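Okay, here's what each chain looks like letter by letter:
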Amino acid sequence: MRIARFSIDGNVAFGAVEEGPDGLLLDIIKGIPYADFELSGTKVPLSKVRLLPPVLPNKVVAIGRNYAEHAAELGNEVPEVPVAFFKPTTSVIGSGDAIEYPSFSEELHHEAELAVVIGRMCREVPRERVKDVIFGYTCANDVTARDAQRREKQWARAKGFDTSCPLGPWVETDFDPADAVIQCTVNGEQRQLGRTSEMVRSVEDLIVHITEAMTLLPGDVVLTGTPAGVGPLNAGDEVAVTIEGIGTLTNKVIKRG
């Protein structure tokens, strides 16, 4: 099932995405989708709503250098243990929202990623229970101020500025992350093309590692790393992240202010 979060006429709701005779429809969900829920039967055309970030995470835990070729293209080794960092909730935007080019950077990069959405509170999750705590998957773009990342030697501002974490367009609950195509285009030109099977550490490995240290809450998001091919974004560009079996996340880059 594909579950979207959206606004219409000033109201915010979740809905199940389904095919209609004239395009995609949203069947409005009663309540929130992390617990047992019912479909209301009230349906609205997707074209009539504004898609929002599919979840509002308490935290976004991101993993760096989880694809060997990406680590190599930036002159880095694959780390011995996963490198985790945070993106704040204020960095999260949805499909169709604008990425604002930060004033402190002159080298903004796209990073297409598979995002894991957590469905229940969990801590110290054993590997065999990882699937039980996952709500679903969505597309993500770990937008990075590369020059600030190099200059500041840590990643808080470079990867945590406002609008640096596009998520969407919806959450796919029926998805196998083992070997899906992931790609990024800028103005229709392909920049990144990889497969989730190329991840150094699997989704199970990452959830086990993260929850050894912290509790994850329903709606929290884990970014799993980006394949090779990261590159520049400029004001006016349209960047799209597509993951096979999920959909396409599209954002335009604008100047801040």
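Parameters and conventions
Residues numbered from 1 in each chain as written. Predicted model: local features only at pLDDT ≥ 70, side-chain atom pairs only at ≥ 80, totals over all residues. Heavy atoms only, no water. Helix = DSSP H or I, 4+ residues; strand = E, 2+ residues; numbered from the N terminus. Rg over C-alpha atoms; globule rule 2.2 N^0.38 Å. Buried < 20%, exposed > 50% of the residue type's maximum accessible area, 1.4 Å probe, protein only. Contact = heavy atoms within 4.5 Å. Areas by Shrake-Rupley, 256 points an atom, 1.4 Å probe, with all protein chains shown as cover. Lys, Arg positive; Asp, Glu negative; His and termini not counted. Charge placed at Lys NZ, Arg CZ, Asp CG, Glu CD. Pairing = 2+ DSSP bridges. Axes fitted to C-alpha atoms, helices over the stretch in contact; angles between N-to-C directions. Salt bridge = Lys/Arg side-chain N within 4 Å of Asp/Glu carboxyl O. Polar contact = N/O pair within 3.5 Å; in protein donor to acceptor, adjacent residues only side chain to side chain. UniProt positions renumbered as here; feature names shortened; annotations may be inferred.

Engineer: Please explain the overall build of the protein as it appears in this structure.
Structural biologist: Scanning the protein from terminus to terminus reveals five helices and 20 strands. Against the globule reference of 18 Å for 257 residues, the protein gives a C-alpha radius of gyration of 18 Å, in line with a compact fold. Seen through its C-alpha atoms, the protein measures out along the principal axes to roughly 55 × 45 × 30 Å. By the burial criterion, 53% of the 257 residues in the protein qualify as buried. Nonlocal contacts in the protein, meaning residues at least 24 apart in sequence, comprise 70% of its contacts between residues at least 6 apart. Total accessible area on the protein is roughly 11500 Å²; 48% of this is exposed by carbon and sulfur atoms. Of note, the protein has its 26 positive side-chain charges centred 5 Å away from the centre of its 37 negative side-chain charges.

Engineer: Just checking my understanding: could you explain the pairing of strand 19 (residues 238–243) for this structure?
Structural biologist: Regular strands show a simple pattern: their side chains alternate between the two faces of the sheet. For strand 15 (residues 181–186) and strand 19, the ladder comprises five bridges, and the chain directions are antiparallel. Looking at strand 19, one finds that Val186 is bridged to Val239. Where strand 19 lies against strand 20 (residues 247–255), six bridges are found, and the strand directions are antiparallel. Note on strand 20: the bridge partner recorded for Val241 is Leu249. Count of turn residues in the strand 19/strand 20 antiparallel hairpin: three residues, of which Gly245 carries a positive phi of about 90°.

Engineer: I'm lost on the sheet that holds strand 20 in this one. Help?
Structural biologist: Sheets are built from strands that pair by backbone hydrogen bonding, the pairs being arranged parallel or antiparallel. Spatially, five strands are ordered 9-20-19-15-16 in an open sheet, and the strand pairing comes out mixed. Looking at the sheet topology across the chains shown, the edges are occupied by strand 9 (98–101) and strand 16 (189–195). Sheet twist, expressed as the mean angle between neighbouring strand axes with direction ignored, is 20°. Here strand 9 pairs with strand 20 via four bridges, running parallel. In the sheet register, Glu100 faces strand 20, and the bridge partner there is Ile254.

Engineer: Any chance you could explain the side chain of Asp237 here in plain terms?
Structural biologist: Along the polypeptide, Asp237 turns up in the loop between strand 18 (231–233) and strand 19. There is no salt bridge for the buried Asp237, and the closest opposite charge comes from Arg191, which lies 5.0 Å off by N-O distance. Polar side-chain contacts of Asp237 include one of 2.9 Å to the side chain of Asn187. When sequence neighbours within four positions are dropped, the list of residues in contact with Asp237 reads Val186, Asn187, Pro232, Asn251, Lys252 and Val253.

Engineer: Can you walk me through the environment of Leu108 in this structure?
Structural biologist: Mapped onto the elements of the fold, Leu108 is located in strand 10 (residues 108–110). Of the residues examined, Leu108 reaches a relative accessible area of 0% and is grouped as buried. Measuring from C-alpha to C-alpha, the distance between Leu108 and Lys87 comes to 16 Å, with 21 residues separating the pair along the chain. Dropping the residues within four chain positions of it, Leu108 is found in contact with Ile99, Tyr101, Pro102, Val143, Thr144, Ala145, Phe161, Gly231, Pro232, Leu233 and Val253.

Engineer: Explain the UniProt feature "domain: Fumarylacetoacetase-like C-terminal" (unreviewed entry) in the protein to me, please; I cannot follow it from the model alone.
Structural biologist: With numbering aligned to this structure, UniProt lists the feature "domain: Fumarylacetoacetase-like C-terminal" (unreviewed entry) at residues 59–253. As a span, residues 59–253 carries 16% helix and 39% strand, and end to end its C-alpha atoms are 24 Å apart.

Engineer: I keep staring at the sheet that holds strand 13 (residues 144–145) and nothing clicks. Help me out?
Structural biologist: Spatially, 13-10-18 is the arrangement adopted by the three strands of the open sheet, whose pairing is antiparallel. In the strand order of this sheet, the two ends are held by strand 13 and strand 18, each with one partner. In this structure, strand 10 lies alongside strand 18, joined through three bridges in antiparallel fashion. Across the sheet, Leu108 pairs through a bridge with Leu233, a residue of strand 18.

Engineer: Honestly, the side chain of Ser95 in this entry has me stumped. Any pointers?
Structural biologist: Note that Ser95 resides in the loop between strand 8 (92–93) and strand 9. A distance of 3.2 Å separates the side chain of Ser95 from the backbone nitrogen of Thr250, its partner in a polar contact.

Engineer: Before we go on, may I ask you to explain the UniProt feature "domain: Rv2993c-like N-terminal" (unreviewed entry) in the protein in this structure?
Structural biologist: UniProt records the feature "domain: Rv2993c-like N-terminal" (unreviewed entry) for residues 1–54 in the present numbering. Between the first and last C-alpha atoms of residues 1–54 the distance is 13 Å; the span itself is 0% helix and 65% strand.

Engineer: Can you walk me through the pattern of salt bridges in this structure?
Structural biologist: Opposite charge on two side chains permits them to pair, given that their charged atoms come into close proximity. In this structure the tally under the stated criterion is 15 salt bridges. Between Lys159 and Glu111 there is a salt bridge; the shortest N-O distance is 3.4 Å. Remark: Glu111 occurs in the loop between strand 10 and strand 11 (112–118) and Lys159 occurs in helix 4 (residues 156–160); sequence separation between them is 48 residues. Side by side, Lys159 and Glu111 carry an identical accessibility label, which is buried. Each of Lys87, Glu111, Asp142, Arg146 and Lys159 takes part in a single network of salt bridges with overlapping partners.

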